[in-house]
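Given next are the chains, with one letter for each unit.
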Amino acid sequence: MSILIRALSIRDSHSIAQIFFDAVHVGTQHLYRPDQRLAWAGDAPDPDAWREKLNGVTGFVAEVDGEPAGFMTIDDTGLIDYAFVAPSASRKGVGQALYKAVEDQARSFGAQILTTHASKAAKPFFSAMAGPSRKIKP
């Protein structure tokens, strides 16, 4: 399995919408009720909404064997706003590769600490990657 990390673009809205939809509806089904997942991700992928959300956002896409498999965004304060991996790529190093990319980007922004508002599904990942308040090393 080959993971390539590249810059996120508005042109990724279709694949990002699908990754988000699948991550919520499939990847969190053991943690959230159907009505909660529906409220979070809707009843179908929405590329138009993602096109708007991605406008002006700094982030990265992970491609596995040439196909988008996850994405993560970072702002200049160190906030990781979106972080989703396709269920088929879960636990295969995609999230770690994305985290490394946003950590490097945060460093270039001058951010000292990475923060996020993690879901129940994402909290263990972020705890393992960074601990509660790991400082970014220069």
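Please refer to the structure placed before this passage.
A brief look at the structure comes next.

Rules used in this analysis
- Residues numbered from 1 in each chain as written.
- Predicted model: local features only at pLDDT ≥ 70, side-chain atom pairs only at ≥ 80, totals over all residues.
- Heavy atoms only, no water.
- Helix = DSSP H or I, 4+ residues; strand = E, 2+ residues; numbered from the N terminus.
- Expected span 1.5 Å × (residues − 1).
- Buried < 20%, exposed > 50% of the residue type's maximum accessible area, 1.4 Å probe, protein only.
- Contact = heavy atoms within 4.5 Å.

**Some details on helix α4 (residues 94-109)**
Under the 1.5 Å per step criterion, the end-to-end length of α4 is 23 Å for 16 residues, consistent within 8% with the ideal 22 Å. Within α4 the residues assigned to the buried category are Val94, Gly95, Leu98, Tyr99, Ala101, Val102, Glu103 and Ala106. Close packing links the buried residues of α4 with β1 (3-7), β2 (58-64), β3 (67-74), β4 (79-80), β5 (83-85) and α5 (123-130). Following α4 by one or two positions, glycine 110 has its phi on the positive side, about 90 degrees.

**Some thoughts on the environment of leucine 4**
Here leucine 4 is to be found in strand β1. Each C-alpha atom, one on leucine 4 and one on alanine 111, is 24 Å from the other, the two residues being 107 residues apart in sequence. Once you skip the residues sitting within four places of it in the chain, leucine 4 turns out to touch Val61, Ala62 and Glu63.

Purely geometric stuff here, so don't read any function into it on its own.
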